[in-house]
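Residues per chain are reported as follows:
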Amino acid sequence: AALLAMLRGDLDRDAPLFLFVNIADAHQPWAPVPDGLGWLPPRDGFHWEVGGEDDLWAKWFRDELPLKAREALLAQLSDVYDHGVYQADANLGLLLDRLEAYGWLSGGLRLVVTSDHGEYLGERRLLGHGRVPMPEVTHVPLVIAAPGRLPGSVRVEAPVGAHRLYGALLSLSGVDPSADRALI
């Protein structure tokens, strides 16, 4: 609603529009998986309640959950997380549809889609995303679209550090990253 109000407002169509949109559908608390989705079973939403006697997080790490309870927890976490990623993708599509409907996608578009972290869903016997920076949480997707500014489609398998990404994004925006050291 806030984006639509802004796009309908008195924005200067000749000036660049910079949007930073944080789509947090794949973050806790995870929303329920609705009935009828087809590729996932319906599931209750999930949020870690840390502390107290029913602290599943603590029970997981102390290995106090029976095998069936561990398997059920991992299945629920995996499904609500996958649904969150699905919802994030749908919301990004909705955002792009709205930008196109209001004429903001014509000419000069630069789009960067990435994530702040991944999520352990039982890998390495871990849950969540904190404290153990392994590939499951540090290697995240990065998609850059800049029609007319990038040569074709390039897939880079090696990790790209944030410091390299910053300069590349400045360059895509027409800013010489070496011109003003205060920007870096």
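All of these numbers come straight from a predicted model, not from anything done at the bench.

(A) A look at helix 5 (residues 162-172). Taken together, the buried positions of helix 5 are L165, G167, L170 and L172. Two residues or fewer after helix 5 comes G174, characterised by a positive phi angle close to 85°.

(B) Highlighting the environment of E64. Within the secondary structure, E64 sits in the loop between helix 2 (56-61) and helix 3 (67-101). Between the C-alpha atom of E64 and that of R8, which follows or precedes it by 56 residues, the distance is 54 Å. For E64, the side chain forms a polar contact with the side chain of R62, separated by 2.7 Å.

(C) Structural view of the packing of aromatic side chains. In the structure shown here, the tally under the stated rule is six aromatic pairs. An angle of 90° between the planes, with centres 4.8 Å apart, marks the rings of F46 and W48 as edge-to-face. Pair check on accessibility: F46 and W48 agree, each one buried. Ring pairs connect the aromatic residues W30, F46, W48, W57, F61 and Y81, which therefore count as one cluster. Positioned above the aromatic ring of W60 is the side chain of R70, whose terminal nitrogen or guanidinium carbon lies 3.7 Å from the ring centre.

(D) Representation of the side chain of H83 in the model. One can find H83 in helix 3. Classification of H83 as buried rests on a relative accessible area of 5%. In this view, H83 contacts A31, P32, V33, P34, L37, W39 and L40; residues no more than four positions away in its chain are not counted.

(E) Region of interest: the nonpolar core. Of all hydrophobic cores here, the largest spans 14 residues; its most connected members are W30, F46, W48, L73, L77 and L127. Among the elements that take part in this core, helix 3 stands out by supplying four residues, more than any other. If we skip the residues at most four places from it in the chain, W48 touches Q28, L56, W57, L73, L77 and L127. Membership of the second largest hydrophobic core comes to five residues, among which are L7, L92, L95 and W104.

Definitions and limits used
- Residues numbered from 1 in each chain as written.
- Predicted model: local features only at pLDDT ≥ 70, side-chain atom pairs only at ≥ 80, totals over all residues.
- Heavy atoms only, no water.
- Buried < 20%, exposed > 50% of the residue type's maximum accessible area, 1.4 Å probe, protein only.
- Helix = DSSP H or I, 4+ residues; strand = E, 2+ residues; numbered from the N terminus.
- Polar contact = N/O pair within 3.5 Å; in protein donor to acceptor, adjacent residues only side chain to side chain.
- Phe/Tyr/Trp six-rings, centres within 6.5 Å; stacked < 30°, edge-to-face > 60°.
- Lys NZ or Arg CZ within 6 Å of the ring centre and 35° of its normal.
- Contact = heavy atoms within 4.5 Å.
- Core = buried A, V, L, I, M, F, W, Y, C linked by side-chain atoms within 4.5 Å.

Remember that the coordinates give geometry; whether it matters functionally is a separate question.
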